[in-house]
Amino acid sequence: MKSKLVLTSFLAVSLMACAQETPKIKHKKPTSVKSNTKTVKFANAVDPICHMPTEPDMKDTEVYKNKTYGFCSVYCKDEFKKNPEKYVQK
């Protein structure tokens, strides 16, 4: 009998704990963050290695003869750096 009372009490406490509403979290409104990134005009319209179109926000870039070239990946950038003259003449 005592174990039934303990079990019933435990279940009642468990159910009450589960029935409580989860607390609501107030989210802050996002503030406008000014970006310090500049859009760059690349000398190439496509990646000279894999021929993907360049985008103004590409992070893999290389400056060669005062011109900035954009690449889709570090691999393409590294390939360009091995022999840039080969790819600039294309």
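Residues numbered from 1 in each chain as written. Predicted model: local features only at pLDDT ≥ 70, side-chain atom pairs only at ≥ 80, totals over all residues. Heavy atoms only, no water.

## Things to note about the packing of aromatic side chains
Scanning the entire structure with this criterion turns up four aromatic pairs. With a centroid separation of 5.2 Å and an interplanar angle of 40°, the aromatic rings of Y69 and F80 are classed as tilted. Placement of the pair is Y69 in strand β2 (residues 67-71) and F80 in helix α2 (residues 74-82), with a sequence separation of eleven residues. On the basis of relative accessible area, F80 is assigned to the buried category, the value being 1%. An aromatic cluster of at least three residues, connected via ring pairs, comprises Y64, Y69, F71, F80 and Y87. (Phe/Tyr/Trp six-rings, centres within 6.5 Å; stacked < 30°, edge-to-face > 60°. Helix = DSSP H or I, 4+ residues; strand = E, 2+ residues; numbered from the N terminus. Buried < 20%, exposed > 50% of the residue type's maximum accessible area, 1.4 Å probe, protein only.)

## Here's the deal with α2
For α2, the complete set of buried residues consists of C76, K77, E79 and F80. On an axial view of α2, the arc spanned by its buried residues comes to 160°, and they lie on one face. Exposed side of α2, more than 90 degrees from the buried face: Y75 and K82 are the residues found there. Where the residues of α2 are buried, they touch β1 (60-64), β2 and α3 (84-88). (Arc of directions from axis to C-beta. Contact = heavy atoms within 4.5 Å.)

## Examining the nonpolar core
If you look at the biggest cluster of nonpolar residues, it comprises seven residues: I49, Y64, Y69, F71, C76, F80 and Y87. Broken down by secondary-structure element, the contributors of at least two residues to this core are β2 and α2. Here F80 is in contact with P48, I49, E62, Y64, Y69, F71, Y87 and V88, once residues within four sequence places are set aside. (Core = buried A, V, L, I, M, F, W, Y, C linked by side-chain atoms within 4.5 Å.)

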